[in-house]
Amino acid sequence: MPKILVLPGDGIGVEVTEVTLEVLATIGVNHEIQIETENELFGGSSIDVNGVPVTNEVLEKAKSSDAVLLGAVGGPKWDNLEYEIRPEKGLLALRKELGTFANLRPAVVYSALNDASTLKKEIIDGVDIMVIRELTGGIYFGTPRGIEKLPNGEERGINTLLYETSEIERVARIAFQIARKRRKKVTSIDKANVLEVMELWKKTVTRIGKDEFPDVKLDHLYVDNAAMQLIRRPKSFDVILADNMFGDIISDEAAQLTGSLGMLPSASIGEEGAIYEPVHGSAPDICGKNTANPTASILSLAMLLRYSLNMDEAAQEIEMAITNVLSKGYRTADIYEEGTKKVGCKEIGKLIIEEFKNQH
Ligand code: IPM
Ligand code: MN
């Protein structure tokens, strides 16, 4: 029986995950499968109880599960702690421990939500981008790092951006493989005009493309230009490949193209496991009010079914259920507009479950 470790985390992470687990519980209605789940503390909620954002026991459980379903971490309560025990550190430790080197962040504009974006309709209608972000290397993990005192009384902050060839190769392969199943186009992002490590990035991606994926079109953009082109001509992008930090930034920009952060799921895949989580954060301001949008979390479950459990049909049914609920005019507060029907987190979950059951 497949095993999923559930880490709701903090803030609205808890509410949206609860709804997603209700969707998961109905899977057996359409598909003959039983999935075992276990809940654990993570992030701030783990700090409160255990003093650390993630315990070794939870890391071990994550490793022995088929996948991890995560909510969100962090909140003002834990913002002033030392870096080492902040909620975010738990997330980084989990990624590193599971070796999830490729982070998949789809940014899809739903036609029912065409008006939600801050960009003009004609620019974003039909946007369907997959950002592949390197997730376990680069400046996030490079050493030396820290803040040191200098003899003259000043301080010096240090972080290190480094990549080895094999780290670039493996994430590039994922990007090309995914592009093959889509529109066969990869745009690799770098800053090779200034940084040597990015020259290696560009050179390596180019070689992998040429040798192993000659059927996929590859182009390169400097990150500053990419940020600009992404709001200028978003429809021309298919798969975007970026390192850890540029991918962090570009994926937020891609998310905002859709105007609905509450709709975007993500998958982090790699060597020893996989993590599925909404792109949005813990949103402390709306936590506990039943107004959060659980769609991103439910779509993350769909990605989990597709990539970790090979249940493509169930994934499609969930995605279709969401599209149907939207086209019937139901909206959570984040995507509400006049003339649509505003519903809460739990209510939209129920509507999605009803649609999902009707798919068979
Ligand atoms: C993300 C977040 C994280 C990151 C933070 C919370 C550590 O911004 O998943 O994009 O920077 O990777
Ligand atoms: Mn981010």
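Residues numbered from 1 in each chain as written. Chains lettered and ligands numbered in written order. Predicted model: local features only at pLDDT ≥ 70, side-chain atom pairs only at ≥ 80, totals over all residues. Heavy atoms only, no water.

1. Topic: empty space enclosed by the protein
Line of reasoning, step 1. Inspection of the entire model under this criterion finds 1 cavity of 30 Å³ or more.
Line of reasoning, step 2. Lining the largest cavity, in full, are Arg 105, Pro 106, Ala 107, Val 131, Ser 251, Ala 254, Ala 255, Leu 264 and Val 279.
Line of reasoning, step 3. Within the residue set of the lining of the largest cavity, elements represented by two or more residues are strand E4 (102-108) and helix H10 (244-258).
Line of reasoning, step 4. Of the residues contributing to the lining of the largest cavity, the split by class is 7 nonpolar, 1 polar and 1 charged.
Line of reasoning, step 5. Here the lining of the largest cavity spans two domains, and each of domain 1 (1-106 + 262-360) and domain 2 (118-258) adds at least three residues to it. (1 Å grid on protein atoms, 1.4 Å probe; cavity = no way out; pocket = protein on both sides within 12 Å on 5 of 7 lines; lining within 4 Å. Points joined across faces, edges and corners; volume = space filled by probe spheres on them. Helix = DSSP H or I, 4+ residues; strand = E, 2+ residues; numbered from the N terminus. Nonpolar A, V, L, I, M, F, W, Y, C, P; charged D, E, K, R; others polar. Domains from an automatic or database assignment.)

2. Observations regarding the domain arrangement of the chain
Where interface size is given, it is often the accessible area lost as the parts come together that is meant.
Line of reasoning, step 1. Its domain assignment divides the chain into domain 1 (1-106 + 262-360) and domain 2 (118-258).
Line of reasoning, step 2. Relative placement of domain 1 and domain 2: their C-alpha centres are 24 Å apart.
Line of reasoning, step 3. Facing 16 residues of domain 1, the contacting portion of domain 2 comprises 18 residues.
Line of reasoning, step 4. For the pair domain 1 and domain 2, the summed buried surface comes to about 1600 Å²; carbon and sulfur atoms form 65% of the total.
Line of reasoning, step 5. Among the residues domain 1 hides against domain 2, the three largest losses belong to Phe 101, Asn 103 and Arg 105. Together they make up 39% of the total.
Line of reasoning, step 6. In this structure, the salt-bridge partner of Glu 271 is Arg 170, at a minimum N-O distance of 2.8 Å.
Line of reasoning, step 7. Connecting domain 1 to domain 2 are 6 residue pairs in polar contact (both at pLDDT 80 or more).
Line of reasoning, step 8. Of all elements in the fold, only helix H5 (87-98), E4 and strand E11 (265-269) reach the threshold of two or more residues within the side of domain 1 that touches domain 2.
Line of reasoning, step 9. Here the side of domain 1 that touches domain 2 gets 5 residues from one element, more than from any other, and that element is E4.
Line of reasoning, step 10. Its residues assigned to classes, the side of domain 1 that touches domain 2 comprises 8 nonpolar, 4 polar and 4 charged. (Contact = heavy atoms within 4.5 Å. Buried area = accessible area lost by both parts, 1.4 Å probe. Salt bridge = Lys/Arg side-chain N within 4 Å of Asp/Glu carboxyl O. Polar contact = N/O pair within 3.5 Å; in protein donor to acceptor, adjacent residues only side chain to side chain.)

3. Considering the pairing of strand E12 (residues 274-278)
Line of reasoning, step 1. Burial of E12 is extensive: 5 of the 5 residues sit out of reach of the surface.
Line of reasoning, step 2. Neither face of E12 is left uncovered, since the one carrying Ala 274, Tyr 276 and Pro 278 and the one carrying Ile 275 and Glu 277 both have all their residues buried.
Line of reasoning, step 3. Sheet topology places strand E3 (residues 67-72) next to E12; 2 bridges connect them, and they run parallel. Among the inter-strand pairings, Val 68 is bridged to a residue of E12, identified as Ile 275.
Line of reasoning, step 4. The hairpin formed by E11 and E12 contains 4 residues between the paired strands. (Buried < 20%, exposed > 50% of the residue type's maximum accessible area, 1.4 Å probe, protein only. Pairing = 2+ DSSP bridges.)

4. What to know about the layout of surface pockets
Line of reasoning, step 1. Computed from the structure, the largest pocket encloses a volume of approximately 960 Å³.
Line of reasoning, step 2. Where the lining of the largest pocket is concerned, the elements lending two or more residues are E3, H5, strand E6 (146-149), strand E7 (155-158), H10 and E12.
Line of reasoning, step 3. In terms of residue count, the dominant contributor to the lining of the largest pocket is H5 (5 residues).
Line of reasoning, step 4. Class assignment of the residues belonging to the lining of the largest pocket gives a composition of 14 nonpolar, 8 polar and 11 charged.

5. Let's talk about the sheet that holds strand E9 (residues 217-222)
Line of reasoning, step 1. Pairing is mixed across the open sheet formed by 10 strands, whose spatial order is E2-E1-E3-E12-E11-E4-E5-E10-E8-E9. Only two strands of the sheet have a single partner each, and these edge strands are strand E2 (36-39) and E9. Pairs of neighbouring strands in the sheet enclose a mean axial angle of 20°, with direction left out of account.
Line of reasoning, step 2. Pairing of strand E1 (residues 3-9) with E3, which is carried by 5 bridges, proceeds in the parallel orientation. Bridge pairing links Gly 9 to Ala 72 in E3. (Axes fitted to C-alpha atoms, helices over the stretch in contact; angles between N-to-C directions.)

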